[in-house]
Structures are given as structure tokens and as C-alpha cells.
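# Residue-level structural notes
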Amino acid sequence: MVKKTLVWSAAAIGAATLGLPAAPVSAQDIVIGLSFGKTGRYASIAKTTETAVDIAEKEINAAGGIHGKKLRVVKFDTAGNPKQAVVAVRKFARDDGALAVVGPFASAEARIAFPAGEREGIVQIPNASSAPKLADRFSYAFRYTESEFLQFNRVVDSLKKLGRLKQNTAILYGTDDVVSKVVGTRIMAPVLKKAGVKMGGAPIGFATEAFDLAPQVSKLKGMKLDFIGFAGITPVAIRFVKELRRQGLNTPLIGSQIWADPEIIKGMGKACDGCVFVTYYWYKRDKKSAEFARKFVEENRKRGIEKPFPHHVDASAYDTVHLLAQVMRQLKVTGAKDALKAERTAIRDALYAVKFSGVIGDVCFEKTGDAQLPGYVLTMENAEWKLLDTHKSLPCKK
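I will try to describe carefully the structure that is included in this document. (Residues numbered from 1 in each chain as written. Predicted model: local features only at pLDDT ≥ 70, side-chain atom pairs only at ≥ 80, totals over all residues. Heavy atoms only, no water.)

## Let's talk about the packing of aromatic side chains
How we decide: Classification of ring pairs rests on two measures: the distance between centres of Phe, Tyr or Trp rings, Trp counted by its six-membered ring, which must be within 6.5 Å, and the angle between planes, read as stacked under 30 degrees, edge-to-face over 60 and tilted in between. Secondary structure counts use DSSP, requiring at least four H or I residues in a row for a helix and at least two E residues in a row for a strand, with both numbered from the N terminus. Three labels apply to residues, based on accessible area from a 1.4 Å probe with only protein chains included: buried if under 20% of the type maximum, exposed if over 50%, partly exposed otherwise in between. Think of it as a cone above the ring: NZ of Lys or CZ of Arg counts as a charge over the ring if it is within 6 Å of the ring centre and within 35 degrees of the ring normal.
A full pass over the atoms with the stated rule returns 15 aromatic pairs. With 6.3 Å between their ring centres and 55 degrees between their planes, F114 and F138 make a pair best called tilted. With a gap of 24 residues between them, F114 in helix α5 (residues 107–120) and F138 in the loop between β4 (123–125) and α6 (148–161) connect regions that are remote in the sequence. Considering the side-chain rings of Y144 and F365, the 6.1 Å spacing of their centres and the 85 degrees angle between planes classify their relative orientation as edge-to-face. Of this pair, Y144 sits in the loop between β4 and α6 while F365 sits in strand β12 (residues 362–365), placing them 221 residues apart in sequence. Judged by its relative accessible area of 0%, Y144 falls in the buried class. Among the aromatic residues, ring-to-ring pairing joins W259, F277, W282, Y283, F309 and W385 into one connected group. Directly above the aromatic system of Y140 lies the positively charged group of R348, at a separation of 4.6 Å from the ring centroid.

## Overview of the sheet that holds strand β13 (residues 371–372)
Note the threshold: DSSP-based pairing: two strands are paired if at least 2 bridges between them are found.
In spatial order, the strands read β11-β12-β13; together these three strands make up an open sheet with antiparallel pairing. Every other strand in the sheet has two partners, leaving β11 (356–357) and β13 as the edge strands with one partner each. As paired elements, β11 and β12 share two bridges and run antiparallel to each other. The partner of S357 across the bridge, within β12, is D362.

## A few points about the pairing of strand β8 (residues 225–231)
Here is the rule: Viewed with both strands pointing away, a crossover whose connecting path from the first strand over the helix to the second turns clockwise is right-handed.
Within β8, seven of the seven residues are buried, which leaves the element mostly enclosed by the surrounding structure. In terms of strand pairing, strand β5 (residues 168–174) meets β8 through six bridges, oriented parallel. Residue pairing in the sheet places N168 in a bridge with L225 of β8. Judged from the two bridges that link them, β8 and strand β9 (residues 253–254) form a sheet pairing that is parallel. Bridging across to β9, I228 finds its partner in L253. Crossover connection from β8 via helix α9 (residues 234–246) to parallel β9: handedness right-handed.

## Looking at the sheet that holds strand β3 (residues 100–102)
Threshold: Fitting a line to C-alpha atoms yields each axis, with helices limited to the stretch in contact; the angle taken between N-to-C directions then spans 0 to 180 degrees. Contact between two residues is taken to exist if any of their heavy atoms lie within 4.5 Å; hydrogens are not considered.
Strands sit in the order β2-β1-β3-β4 across an open sheet of four strands; the sheet is parallel. The open sheet terminates on both sides in strands that have one partner only, identified here as β2 (71–77) and β4. Sheet twist, expressed as the mean angle between neighbouring strand axes with direction ignored, is 25 degrees. By the bridge criterion, two bridges tie strand β1 (residues 30–36) to β3 in an arrangement that is parallel. Opposite G33, over in β3, you have V101 as the bridge partner. Relative to β2, helix α4 (residues 82–94) is tilted by about 150 degrees, and along the sheet it contacts β1, β2, β3 and β4.

## Some remarks on the packing of α4 against α5
To keep it simple, the criterion reads: Angle categories: roughly parallel below 35 degrees, roughly antiparallel above 145, roughly perpendicular from 65 to 115, and oblique for all the rest. Handedness of a crossing follows from how the near helix is turned relative to the far one, being left-handed for an anticlockwise turn of less than a right angle and right-handed for a clockwise one. Classes in brief: Ala, Val, Leu, Ile, Met, Phe, Trp, Tyr, Cys and Pro nonpolar; Asp, Glu, Lys and Arg charged; the others, Gly included, polar.
Taken N-terminus to C-terminus, the directions of α4 and α5 make an angle of 25 degrees; their axes are 8 Å apart at the nearest point. The orientation of α4 with respect to α5, classified from their angle, is roughly parallel. Judged by the sense of rotation from one axis to the other, the crossing of α4 with α5 is right-handed. Of the residues in α5, those in contact with P82, K83, A85, V86, V89, R90, A93 and R94 of α4 are A108, E109, I112, A113, A116, G117, R119 and E120. Here the contact of α4 with α5 is composed, by residue class, of nine nonpolar, one polar and six charged.

## A look at α4
The condition is simple: A helix is expected to reach a length of 1.5 Å times the quantity of its residues less one. Here a polar contact is taken to be a pair of N or O atoms separated by no more than 3.5 Å, where protein atoms must pair a possible hydrogen donor with a possible acceptor and residues adjacent in sequence count only if both atoms sit in side chains.
The terminal C-alpha atoms of α4, which comprises 13 residues, lie 19 Å apart, in line with the 18 Å expected from a rise of 1.5 Å per residue. Of the residues making up α4, those classed as buried are A85, V86, V87, A88, V89, R90, K91, F92 and A93. Contacts from the buried residues of α4 go to β1, β2, β3, α5, β4 and α13 (340–353). The residue sitting at the N-terminus of α4 and contributing the capping side-chain oxygen is N81; that oxygen lies 2.9 Å from the backbone nitrogen of K83.

This is the structure:
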């Protein structure tokens, strides 16, 4: 399919338009781009990606940068708009002299930004995109996330092992969000069916922007359910749980990674006790993970943001910056204008063979460009996250 070319100018996408500070980039800087949704649909999750990246940038420069050169992160707020994600990668590649890009954030953005990055010859590494098979057709596309299919399988395996899936499960999914629709219709239903779990009818759809979820909840009344499989972003999951409880239904939710967000502690509280979900970052995993969480919470408070600990996509963003720094040190990149093309390709090639250990754990990338990450199956008890089960990262296929 032929894609339309977006017409843009540097002036049209300047810092004033983006709402981000314009920091001068020195010829001595090593530049990477950050494509994220500080505003827009995913802002409640994506805005703290900036905090995580800023912490990593500060740490790297405090440790001497990249062979004495300062690491500089140039930022672009896409507002979750896929077309703006394309503008972002072009700007980073053509105007900013970036060697690689952290982002874009979501699957809908990655779907059309990956082809643009391929044409520019620059690596992009989203920290949240997890819809299946988005990176595998592009050599410069990587994802520091884990497959929703694998992660939901891990949830179901753990619950079967614990004897907690015995009767029926209903599924609700967002019809207008790429990853929500895929998880609800192409992942949850087949995985549960394969595990021998009965389904309470066909998956029920809802519009992500819909405020009133009462009709969908009403359809669940009278069903004897172990769990309600919910595939939707965090703000909608919070509204859904509140509506469930308002209508007198106490069935807990089961989910993959989409709403595995610290915000559910405040937004759902004890109403989500018994809910089960999965994440690939657990802030209590080790000292390194806990130290990142401490810095993250502290820095967010300075910015007027209250979060009890990082979302797994925050950990991905933080690890991705450190990963790129490790690769760039190994390659002794210069960031020189006449070396950009060769150095961008060298970074791509190095990522396929990299071995990296971050706050998430040991990470590698498969030939598809996707990372292999662990799975931490969690539940809510008294409005606190409790670890139910752990699944180790799978080995990478090269």
C-alpha cells in the first residue's frame, strides 16, 4: 500500500509548537530522540516516560557521557498521534542528527513510524508498543517490551497452577485502540479457550472514549464468572471497575500488561482486590530495580506528579537509554554529521547481538527486533500489589 508523504518544516514543529523547551545541541553532543505522548490519549501513562529518560540521561552524563561527549536527549510530544510519530522520527533523523530514537510510545504510532524510520535508516525502540508483529518487517525497528500474547499466557498458566480458573471468564475490549482490540479478540479468547476455560459469550466491545460503561456491565449480570478479562487502557479500566462495583458485581479483573499501571492503586483501591495482571518490571526485584524506583518517585514529586513506583514502560524507557549508551560506547560513536549514516547502522547491527542487564533484568533482542523480558504475575490485596508468580525471560532466537 502506498503511503502519503507528510509535508512538514522545521519551523512548523519547533519547540514552541511542541510545548517542550528548545535546548541548543552542541556539535560535541551525542544525540538521541525521545518520541512520546506527554499529552493526548496515552498521557496518563506516557508522561512519566520523560522522567525515566531524564534520570538515565543525567546518570550517563555524570558517569562521563559517551567517551567524554555529553548525551543529549531531544524530545517530541506526539500526543499519541501516529502521524506526529512519523514527523518526529524524520525530525530526529534529518534536523537533530540523532543516532537513535526512544519511542514512539504506542503500537498505533509504531505501526506507521517504523516504515518511516526504516527509510531514514535510524533505530527506533518503543517502550510501550506490544501489539504482535509490528517490528519484524523492519531492520531498524526494535521494541523494549514484551509480547501481550506471551504475557497473558503467563497469567493464565499461573492461575491454572494456583487452581483459580474453574468456571467461566467473560472478555471486554476497547474497539478503537489497536492493542486493546488485538488483546481482547486475538489473544485473550484463544488463550483461554486453549487452556480449557469456558467463555461467557462472545467478547464485548466498548469505545475507549466512552464514559458510560453501564450497558457493558449489565450484560455480565447473572453470569457465574471467575474473572472478567479486560483489554483496555488504564483510565477505562478504572471506570469499568467502579461501574462493576456500582452495579453490585464483585468479580475481579484479569488482564495482560495494558492496565498493569501503578495508577490502579489510587484509581481502583480495594475495589480491585483479587484482580490479576502481569508486568515485566517489578520494583522489588533487586537493589538496582528498587533504586531506580526511589529516584523515579523522588523526581516525579519535584515535577508535581505522584506515583508510588514506576510503570513497566517507565522502566523500559530508562533501560533503553542506558542500553543505547552501552552500545554507543562499545562502538565509539562520534555523532559527527558525516558519520551519522554509518553509526546509525552500526547501532542497529550491535543491538541484534547485545547482552544488557538493566532494572528489568537481563535483556536480548530476537531477530524480529522484539526483546525477551520476564513476567511478574501480580494481584491486588488491600489496595497493594502482591507478587503471585514469576516467569523468567525466554532465550532469544537469532
